[in-house]
Amino acid sequence: MQATPEEIAAFYAAIDGVTPLPAPDRIAFEPPKPSPRPRQRELDEVAAISESLHGPFEIDELLAIGDDDSFVRSGLQRSVLRDLRRGRWSIQKHIDLHGFNRHEAHDAVSRFLAEAHSAGKRCIRIVHGRGHGSPGREGILRQLVKSWLIRRKDVLAFCPAPPCDGGQGALWVLLRSSQTVKR
């Protein structure tokens, strides 16, 4: 809708003699924008810390395992490991890590060990694979799983499973009794 000539003349008559407002003497202040957060670097640092906590072996851990990929917690008799190798305890629970990456495997193993221990299971099997599908055909999970197990106080011993039960691609693990008093 357009204004008529009479309406325009009425408007000009109404504003006759008006002075415009002076320009404001204020400065419009806009606070500075925050500097960008290096989110990827923060994620990388978190990953590096996690890797250092759950990553590959230290030299002491390599010496503790020895050449035959077996481990027995210090203070326990070697007969515990011998009995584990001979199958004195029956496997009560198992987990298969095929297809897991290292982070998924670590989470799965941690949950599995906690569940097995709280359920009172003493002997378990962890199938980590031999590493034939890994880059360089080296068993990455094979070494990582051993280092994770050594760091856990509820793991008393572990050894490679016999060929009929996974051989070098699996471990038999003996857990501390859930009724054992912790000091």
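Residues numbered from 1 in each chain as written. Predicted model: local features only at pLDDT ≥ 70, side-chain atom pairs only at ≥ 80, totals over all residues. Heavy atoms only, no water.

## Here's the deal with the confidence of the model for the protein
Summing up the model confidence of the protein, the mean pLDDT is 82 and the portion of residues at 70 or higher is 83%. Predicted confidence for residues 57-67 stays below pLDDT 50, and this span has 16 contacts to residues more than four positions away or in other chains. (pLDDT = per-residue confidence, 0-100. Contact = heavy atoms within 4.5 Å.)

## Let's talk about the state of the cysteines
All told, the structure shown has 0 disulfides when counted by the stated rule. Its sulfur unpaired, C159 is 8.0 Å from the next cysteine sulfur, which belongs to C123. By relative accessible area, which is 0% here, C159 ends up buried. (Disulfide = S-S within 2.5 Å. Buried < 20%, exposed > 50% of the residue type's maximum accessible area, 1.4 Å probe, protein only.)

## Points about helix α4 (residues 78-85)
Among the residues making up α4, those that are buried are V80, L81, D83 and L84. The arc that holds every buried residue of α4, seen down its axis, measures 160°, which confines them to one face. For α4, the elements touching its buried residues are β1 (71-72), β3 (123-127), β4 (155-160) and β5 (170-175). G87 lies just past α4 and shows a positive phi near 80°. (Helix = DSSP H or I, 4+ residues; strand = E, 2+ residues; numbered from the N terminus. Arc of directions from axis to C-beta.)

## Regarding the nonpolar core
One finds L97, I126, L149, F158 and V173 to be the most contacted residues of the largest nonpolar core, which totals 22 residues. Secondary-structure elements contributing two or more residues to this core are α5 (102-118), β3, α6 (140-151), β4 and β5. I126 has contacts with I95, L97, V109, F112, V145, L149, G169, A170, L171 and V173, leaving out every residue within four places of it along the chain. (Core = buried A, V, L, I, M, F, W, Y, C linked by side-chain atoms within 4.5 Å.)

## Thoughts on the packing of α5 against α6
α6 packs onto α5 with a crossing angle of 40° between their chain directions and a minimal axis gap of 11 Å. Between α5 and α6, the crossing angle belongs to the class labelled oblique. In this structure, α5 meets α6 at a crossing whose hand is right-handed. Judged by residue contacts, R102, A105, H106, V109 and L113 of α5 engage I140, L141, L144, W148 and L149 from α6. (Axes fitted to C-alpha atoms, helices over the stretch in contact; angles between N-to-C directions. Parallel < 35°, antiparallel > 145°, perpendicular 65-115°, else oblique. Left-handed = near helix turned anticlockwise from the far one by under 90°.)

## So, the pattern of salt bridges
Inspection of every chain in the model, using the stated rule, returns 7 salt bridges. Across the pair D69 and R142 runs a salt bridge whose closest N-O atoms are separated by 3.3 Å. One end of the pair, D69, is in the loop between α3 (59-65) and β1; the other, R142, is in helix α6, with 73 residues separating them in the sequence. Each member of the pair, D69 as well as R142, carries the same accessibility label: buried. In this structure, R82 engages D83 in a salt bridge whose closest nitrogen and oxygen atoms are separated by 3.9 Å. When its relative accessible area of 40% is taken as the criterion, R82 is described as partly exposed. In this structure D83 comes out as buried when scored by relative accessible area, which is 18%. (Salt bridge = Lys/Arg side-chain N within 4 Å of Asp/Glu carboxyl O.)

## Brief notes about the packing of aromatic side chains
Here the structure, examined in full by the defined rule, presents 2 aromatic pairs. Ring plane angle 25° and centroid distance 5.4 Å describe the contact between F71 and F158, whose orientation is recorded as stacked. Taken together, the residues span a long stretch of sequence, with F71 in strand β1 and F158 in strand β4 at a distance of 87 residues. (Phe/Tyr/Trp six-rings, centres within 6.5 Å; stacked < 30°, edge-to-face > 60°.)

## Quick look at the pairing of β5
Burial runs high along β5: 6 of the 6 residues are buried. Residues of β5 alternate between two faces, with A170, W172 and L174 on one and L171, V173 and L175 on the opposite face, all of them buried. As paired strands, β3 and β5 are joined by 5 bridges and run antiparallel to one another. Bridged to V127 within β5 is A170. One ladder, built from 5 bridges, connects β4 with β5; its direction is antiparallel. Each residue of the ladder has a partner; that of F158, found in β5, is V173. (Pairing = 2+ DSSP bridges.)

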